[in-house]
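Working through the structure, step by step
Chain residues, written in single-letter form:
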Amino acid sequence: MDVILRSCETLLELVFPHLVTVLVERVVVESGVLRIAASTKDGTAAACPGCGASSMRVHSRYGRKVADAPVGTQPVLIELSVRRLFCDNSGCARVTFAEQVEGLTRRYGRRTPVLQRIIGALGVDLAARAVVRLGLVLGIVVSRMTVLRVLMALPEPAWAVPRVLGVDEFATRKGRRYGTILIDCETHQPLDLLPDREAETLAAWLRERPGVEIVCRDRAAFFAEGARTGAPQAQHCADKWHVWHNLGEAVERLVSHHRLLLRDLVEPGPSPEPEAGPVPTSAGQEPSEPYPAGKFLDRLRDTHAAVRAQVEQGLSLREVARRLGLGRNTVRK
Ligand SMILES: [Zn+2]
């Protein structure tokens, strides 16, 4: 179906403001794509990208295709005839240059700036594959690799030196290669990635960017050392995640240290080995019952009994673990 919009200049200005400086010659819908044929106007000057001198002396014309933002979920392709102009500045190395149309073309660009912005914004939020899928609905025909290229070409967001700097490690290959991630703890904005987790790398980063008042980090020695030498005035603290993580590890160590005591919960017997050390008891408890009653211990007691019962039937640890939905190490303990 051909749709001709020759006389609809107001509509054109509203929907395609970036086309008002060119001559629109034809608008057709072909195979589901809105194709707009247009050309730049003769008699208008364009600036040479080499020296900035303006020229309107035409050398030749050539056609280029620029994908534009979709209209009503219909992909839009602008087929634009542009001029190659002479640069008349004798001091300029360029003899001719191709004109660009503000808001419509860039050198070597195959998409209008507005479509480029849309793909970039979608890419930041959704990542490549999702943009390709959503693009099919929106009328944006784009490949996964193009989304990645557009993403990589985006300028890095500006940031100021934070008051509270978060420092943690990240892995590019877990267990093999680690780097350092730096975050503004007040805005939660990631600021920078360092290629390793060496004290000196962090210290150098901090020295180049003075003004950090608080360094929020995990307890690794390389971060402690790097933050101390790079920002000696800053206070150090642990972030909430690491406080909980360290507490969890400490509790696990403590429970594991006293695990021999747990045996008597199932089989009351002689006193536990002295190696286990004193176990805190709540006030008013019977001396013969050194463990506070609670849901955790009830559950542990039940699990222990179930494991023992199955082991006594002659099942392997692996089979017991499978039947009870436990880890094999848990069953062994
Ligand atoms: Zn020039």
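The paragraphs below set out a description of the structure included in this document. Bear in mind that the values here come from a model prediction, so they are computed numbers and not experimental data. Throughout, a residue's number is its position along its own chain's written sequence, starting from 1. Totals for whole chains, interfaces and linings use every residue, but because this is a predicted model, local features are given only for residues with pLDDT of at least 70 and side-chain atom pairs only at 80 or more, for both listing and counting. To get the side-chain values, all heavy atoms of the structure are used, and hydrogens and water are removed first.

1. Observations regarding the coordination of the zinc ion
For the zinc ion, the full set of protein donor atoms is Cys48 (SG), Cys51 (SG), Cys87 (SG) and Cys92 (SG), at a range of 2.3 to 2.4 Å. Coordination at the zinc ion comes from four donor atoms whose angles at the metal span 100 to 114°, giving a geometry best classed as tetrahedral. Working definition: with a 1.4 Å probe on protein chains only, accessible area under 20% of the residue-type maximum means buried, over 50% means exposed, and in between means partly exposed. Judged by its relative accessible area of 33%, Cys51 is partly exposed. Because no water is among the atoms considered, metal sites can look incomplete, with donors defined as N, O and S atoms within 2.8 Å of the metal, or 3.2 Å for Na, K and Ca. Irregular is the label for any site that misses the other tests, which are tetrahedral for four donors with all angles between 85 and 135 degrees, and square planar for four donors or octahedral for six when opposite donors exceed 155 degrees and the remaining angles lie between 65 and 115.

2. Concerning unusual backbone geometry
Look at Ser31: it is not a glycine, yet its phi comes out positive at around 50°. Residue classification places Ser31 among the exposed residues on the basis of a relative accessible area of 79%. Positive phi, normally seen in glycine, also occurs at His188, with a value near 65°. In this description a helix means any DSSP run of H or I spanning at least four residues, a strand means any run of E spanning at least two, and both kinds are numbered starting from the N terminus. Examined against the element boundaries, His188 turns out to sit in the loop between strand S9 (177-184) and strand S10 (189-194). Given the relative accessible area of 63%, His188 is considered exposed.

3. Some points on the nonpolar core
What is meant by a nonpolar core is a set of buried Ala, Val, Leu, Ile, Met, Phe, Trp, Tyr and Cys residues, joined one to another through side-chain atoms within 4.5 Å. Judged by nonpolar contacts, the single largest core of 15 residues is most densely connected at Leu165, Val167, Leu182, Leu202, Trp205, Leu206 and Val215. For this core, the secondary-structure elements that each account for two or more residues are strand S8 (164-173), S10, helix H5 (199-208) and helix H6 (221-230). The element contributing the most residues to this core is H5, with three residues. The contacts of Leu202, once residues within four sequence positions are left out, are Val167, Leu182, Leu194, Phe223, Gly226 and Ala227. The contact definition used throughout considers only heavy atoms, calling two residues in contact when any of these lie within 4.5 Å.

4. Quick notes on the sheet that holds strand S11 (residues 214-217)
Taken in spatial order, the five strands of this open sheet run S10-S9-S8-S11-S12, and their pairing is mixed. Unpaired on one side and paired on the other, S10 and strand S12 (235-238) mark the two borders of the sheet. Across the sheet, the axes of successive neighbouring strands diverge by a mean angle of 30°, strand direction being ignored. Relative to S11, S8 is paired through four bridges, and the arrangement is parallel. The residue bridging Leu165 from the neighbouring strand is Val215, located in S11. A strand pair is defined by DSSP finding two or more bridges across the two strands. Only C-alpha atoms enter the line fits that serve as axes; for helices the fit covers just the stretch in contact. Angles between N-to-C directions range over 0 to 180 degrees.

5. Thoughts on H6
Those residues of H6 that sit buried are Phe223, Ala224, Gly226, Ala227 and Gly230. Those residues of H6 that are buried are in contact with S8, S9, H5, S11 and S12.

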